[in-house]
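Examining the three-dimensional arrangement
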Amino acid sequence: MDYSPGIVSVDRAERIMTISTDKDVHFTEAIGLNEIEYEDIPGLVTNKITIRGVNIQAKEPMLYTLWLWKSATHASSDLDEDSFRDFINLDVATSGKRIAGTGQWYLQSSNLCILYEDDDPPTAEGYYTLHLGLMVSSGSGKSAGEAGQVQLDITYSPRL
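Just so we're clear, the structure is a prediction, and the values are computed from it rather than from any experiment.

1. Concerning the overall build of the protein
The helix and strand tally for the protein stands at 2 helices and 10 strands. The linear arrangement of helices and strands in the protein, starting from the amino end, is α-β-β-β-β-β-α-β-β-β-β-β. Here the C-alpha coordinates of the protein stretch approximately 45 × 40 × 25 Å along the principal axes. Taking contacts inside the protein between residues at least 6 apart in sequence as the whole, the part at least 24 apart equals 78%. Working note: accessible area of the protein is about 8100 Å², and carbon and sulfur atoms make up 50% of it.

Set out below in structure tokens:
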């Protein structure tokens, strides 16, 4: 069966896929309270997906808000140009878990049904991009570098 980018079948639409951020590349800057860092993550097999869940691993427990944008233009003060799609609150401070009280914090947000569409053209390899913004919505702010590492797994299914 062909699972090439851009080709979507009913069988493929039922398949759960994952796109992940890299802790050493994405969201590496310090993020102050109510500030945001943007990242564009290529690798979607189609421009129309349904986001099913988000898992986060974070070195610092706080309320993160994951913003979804439809293009690399992200936020704009011009309402006609802003590319806002949706957001997901990831309350690691309140609902996150640690193993044996040490190491990183874990939180999963499942049973989501967020219709997402990338409006930008595909990459040269034929993949589409997930346009994200990570905001700190409570707490003192996320640290830069290793101390503030965050890693996200976004599960999705292609849409027809």
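2. Things to note about the pairing of strand S7 (residues 102-109)
On a regular strand, one side chain projects to one face of the sheet and the next to the other, so that they alternate. One ladder, built from 5 bridges, connects strand S3 (residues 48-58) with S7; its direction is antiparallel. By the bridge assignment, isoleucine 56 is partnered in S7 with leucine 107. The hairpin turn running from strand S6 (residues 97-99) into S7, its antiparallel successor, is 2 residues long, and alanine 100 in that turn takes a positive phi close to 55°.

3. Quick word on the packing of aromatic side chains
Across all of its chains, the model carries 6 aromatic pairs by this definition. Between the aromatic rings of phenylalanine 84 and phenylalanine 87, the centroid separation amounts to 6.3 Å while the plane-to-plane angle is 40°, which identifies the pairing as tilted. A relative accessible area of 37% means that phenylalanine 84 is categorised as partly exposed. Chaining the aromatic ring pairs together yields one cluster made of Tyr38, Trp67, Trp69, Phe84 and Phe87.

4. Some remarks on the pattern of salt bridges
Using the criterion set out here, one finds 3 salt bridges in the structure. Notably, a salt bridge pairs aspartate 24 with lysine 23, separated by 2.9 Å at the nearest N-O pair. The shortest N-O distance in the salt bridge between aspartate 119 and lysine 70 comes to 3.8 Å. Pair noted here: aspartate 119 is in the loop between strand S8 (114-117) and strand S9 (128-138) and lysine 70 is in the loop between strand S4 (63-69) and strand S5 (84-91), with a separation of 49 residues, a long-range link. Put simply, Lys70, Arg85 and Asp119 are held in one network by salt bridges that share partners.

5. Considerations on unusual backbone geometry
We note that phenylalanine 27 has phi near 55°; this positive angle belongs to a residue other than glycine. With respect to the helices, strands and loops of the structure, phenylalanine 27 is situated in the loop between strand S1 (17-20) and strand S2 (36-44). Residues other than glycine seldom take positive phi values, yet histidine 74 does so here, at roughly 55°. With respect to the element layout, histidine 74 can be found in the loop between S4 and S5.

6. Some thoughts on the sheet that holds S9
Spatially, 4 strands are ordered S2-S9-S4-S5 in an open sheet, and the strand pairing comes out antiparallel. Strands at the two margins of the open sheet, each flanked by one partner only, are S2 and S5. Direction aside, neighbouring strands of the sheet carry axes that sit 25° apart on average. Across 7 bridges, the pairing between S4 and S5 is antiparallel. Of the residues in S5, the one forming a bridge with leucine 66 is isoleucine 88.

7. Comments concerning the side chain of threonine 50
Relative to the assigned elements, threonine 50 resides in strand S3. Residues contacting threonine 50, with those up to four places away along its chain left out, are Cys113, Ile114, Leu115, Thr155, Tyr156, Ser157 and Arg159.

8. With respect to the confidence of the model for the protein
Per-residue confidence for the protein gives a mean pLDDT of 92; residues scoring 70 or more make up 92%. Here helix H1 (residues 10-13) stands out as the least confident element of the protein, with mean pLDDT 56; S4 is the most confident, with 98.

Calculation criteria
- Residues numbered from 1 in each chain as written.
- Predicted model: local features only at pLDDT ≥ 70, side-chain atom pairs only at ≥ 80, totals over all residues.
- Heavy atoms only, no water.
- Helix = DSSP H or I, 4+ residues; strand = E, 2+ residues; numbered from the N terminus.
- Contact = heavy atoms within 4.5 Å.
- Areas by Shrake-Rupley, 256 points an atom, 1.4 Å probe, with all protein chains shown as cover.
- Pairing = 2+ DSSP bridges.
- Phe/Tyr/Trp six-rings, centres within 6.5 Å; stacked < 30°, edge-to-face > 60°.
- Buried < 20%, exposed > 50% of the residue type's maximum accessible area, 1.4 Å probe, protein only.
- Salt bridge = Lys/Arg side-chain N within 4 Å of Asp/Glu carboxyl O.
- Axes fitted to C-alpha atoms, helices over the stretch in contact; angles between N-to-C directions.
- pLDDT = per-residue confidence, 0-100.

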